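# Descriptive structure summary
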Amino acid sequence: MTDTEPIDAAVRATADEIATMEVRGAATIAAAAAEALAAQAEATGAATPEAFRSSVRAAARTLHETRPTAVSLPNALRYVLQRMEGESVDALRRSVVEAAAEFVDQLDRARGDLGRVGANRLADGDTVMTHCHSTDALACVEAAVEQGKAIEAVVKETRPRNQGHITAEQLRAVGVPVTLIVDSAARRYLDEVDHVLVGADSIAADGGVINKIGTSGLAVNARERGVPIMTAAQSIKLHPETLTGHTVEIEARAETEVIGEETRAEVGDIAVENPAFDVTPPRYMDAIVTEHGQFPPESIVTLMRELFGEGAADPWAEP
Ligand code: RUB
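Conventions and cut-offs
Residues numbered from 1 in each chain as written. Predicted model: local features only at pLDDT ≥ 70, side-chain atom pairs only at ≥ 80, totals over all residues. Heavy atoms only, no water. 1 Å grid on protein atoms, 1.4 Å probe; cavity = no way out; pocket = protein on both sides within 12 Å on 5 of 7 lines; lining within 4 Å. Points joined across faces, edges and corners; volume = space filled by probe spheres on them. Helix = DSSP H or I, 4+ residues; strand = E, 2+ residues; numbered from the N terminus. Nonpolar A, V, L, I, M, F, W, Y, C, P; charged D, E, K, R; others polar. Domains from an automatic or database assignment. Buried < 20%, exposed > 50% of the residue type's maximum accessible area, 1.4 Å probe, protein only. Arc of directions from axis to C-beta. Contact = heavy atoms within 4.5 Å. Polar contact = N/O pair within 3.5 Å; in protein donor to acceptor, adjacent residues only side chain to side chain. Salt bridge = Lys/Arg side-chain N within 4 Å of Asp/Glu carboxyl O. Pairing = 2+ DSSP bridges. Axes fitted to C-alpha atoms, helices over the stretch in contact; angles between N-to-C directions. Parallel < 35°, antiparallel > 145°, perpendicular 65-115°, else oblique. Left-handed = near helix turned anticlockwise from the far one by under 90°. Buried area = accessible area lost by both parts, 1.4 Å probe.

### Overview of the layout of surface pockets
- The volume enclosed by the largest pocket comes to roughly 460 Å³.
- In terms of lining residues, the largest pocket is bounded by 21 residues, among which Tyr 79, Gln 106, Ser 235, Ile 236 and Phe 308 are the most central.
- Elements with a minimum of two residues in the lining of the largest pocket: helix H4 (72-81), helix H5 (89-119) and helix H11 (300-308).
- When residues of the lining of the largest pocket are assigned to their parent elements, the largest contribution, 6 residues, is made by H5.
- For the lining of the largest pocket, the residue count by class is 9 nonpolar, 7 polar and 5 charged.
- The two domains that each donate at least three residues to the lining of the largest pocket are domain 1 (9-110) and domain 2 (120-307).
- Of the voids in this model, the second largest pocket is the one considered here, and its volume is about 230 Å³.
- Grouping the amino acids of the lining of the second largest pocket by side-chain chemistry returns 6 nonpolar, 5 polar and 4 charged.

As structure tokens, this is what we get:
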């Protein structure tokens, strides 16, 4: 069946914002995608249940195509589409709007719950090193601060997009003293920190952690220095397709994020690559902290099976 209902402008705007990284970070992308499906449900002029379903699925496909690595995006779409039910357009619309609101609510609660789990790993007086900007990772520091612990942070700037600046700002907002460093200084500062704390875009069934490029090198260095490293990742970061052997696609972003066109012309004929994420093998990660508790990476598959069964559907596909 072909889609007859247009994609709502709000959906297109959200898809653009995700693609250009105005909206970024796995959990934030997931919430925006769920809300965009609700916007499509509210706006569509579909006259029949079949046309309604088709229009929401088409919106989901538009959102799904934006960025490939954070599984929270397809997991958000799955959550809402699997709850799209009803015999009439009105009932279908209600189900989508309610499911999207429920999803966003669960995201917030999961972040709070995992934050309290992660905070238990942090002691009063600890210093954490961060990479990129992760709302799940920040939740652990925020919960520790709420528990009355004094926490300091060494924040990697995270080239090429400098998401470390966002982390620095948000940590300062909760009163955490911050030292900003360039990425290549990380190993030098590992001796001064008690934990490395990162987020995740996807977690594979073998416990591999897919996160911002640079995480795996940081993890190897942390292991060599004996500094524990944890990933804070609510369960929407678990990648169900990896249960059946699929690998996670690593997004390649624009070369201009690495070097401006003018400078590049001055430098001469060079190749530039800009992978946005990398995979940290489970042996270099000490713990994955979720809203269901803390897991050694090798055991995360048990939670994945419990939540997703043996795999994942693609409910946005055209029937
Ligand atoms: C963001 C990034 C974050 C994870 C987790 O990459 O790698 O660590 O998405 O974030 P980008 P959160 O800036 O390219 O989106 O914990 O907020 O879901």
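That shown, we press on.
### Side note on helix H7 (residues 164-173)
- Every buried residue belonging to H7 is among Gly 164, Thr 167, Ala 168 and Leu 171, and all of these are buried. Viewed end-on, H7 has its buried residues packed into an arc of 100°, placing them on one side of the element. Turned more than 90 degrees off the buried face of H7, the exposed positions are Glu 169 and Ala 173.
- Buried residues along H7 sit in contact with strand S1 (127-130), helix H6 (135-146), strand S2 (152-156) and strand S3 (178-181).
- Looking one or two residues past H7, Gly 175 carries a phi angle of roughly 85°, positive in sign.

### Observations regarding the side chain of Arg 78
- In this structure, Arg 78 sits in helix H4.
- Looking at Arg 78, its side chain comes within polar contact range of the side chain of Asn 75, at 2.8 Å.
- Within the structure, Arg 78 has its side chain in polar contact with the side chain of Glu 241 (distance 3.3 Å).
- Every residue in contact with Arg 78, bar those within four places of it in the chain, is listed here: Pro 240, Glu 241, Ala 312, Ala 313, Asp 314, Pro 315 and Trp 316.

### Re the pattern of salt bridges
- As enumerated under the stated definition, the model contains 20 salt bridges in all.
- Arg 61 serves as the salt-bridge partner of Glu 318, at 4.0 Å between the closest nitrogen and oxygen. Here Arg 61 lies in helix H3 (residues 49-64) and Glu 318 lies in the segment after H11, a separation of 257 residues in the sequence.
- The class for Glu 318 is partly exposed, based on a relative accessible area of 43%.
- A relative accessible area of 16% places Arg 61 in the buried class.
- One network of salt bridges, in which partners are shared, links Arg 67, Arg 161, Glu 251, Arg 253 and Glu 257.

### Quick word on the pairing of strand S6 (residues 209-212)
- Direction of pairing for strand S5 (residues 202-203) relative to S6: antiparallel, over a ladder of 2 bridges. In the strand pairing of S6, Ile 203 is matched with Val 209.
- In textbook terms, the turn of a hairpin is the stretch between consecutive antiparallel strands, and for S5 and S6 this stretch comprises 5 residues, one of which, Gly 207, has a positive phi near 90°.

### Some words on the packing of helix H1 (residues 9-19) against helix H2 (residues 26-43)
- Two elements in contact, H1 and H2, have axes separated by 8 Å at closest approach and are oriented at 165°. The angle between H1 and H2 places the two elements in the roughly antiparallel class. Here H1 runs over H2; the crossing is left-handed. Of the residues in H2, those in contact with Ala 10, Val 11, Thr 14 and Ile 18 of H1 are Ile 29, Ala 32, Ala 33, Ala 36, Ala 39 and Gln 40.

### Describing the domain arrangement of the chain
- Each assigned domain of the chain is listed with its residue range as follows: domain 1 (9-110) and domain 2 (120-307).
- Here the C-alpha centroids of domain 1 and domain 2 sit 27 Å apart.
- Between domain 1 and domain 2, the contact holds 19 residues from the first and 26 residues from the second.
- Between domain 1 and domain 2, roughly 1,700 Å² of surface is buried when both sides are summed, and carbon and sulfur atoms account for 53% of that area.
- Notably, a salt bridge pairs Arg 67 with Glu 251, separated by 2.8 Å at the nearest N-O pair.
- Where domain 1 packs against domain 2, one counts 12 residue pairs in polar contact (both at pLDDT 80 or more).
- When residues of the side of domain 1 that touches domain 2 are assigned to their parent elements, the largest contribution, 4 residues, is made by H2.

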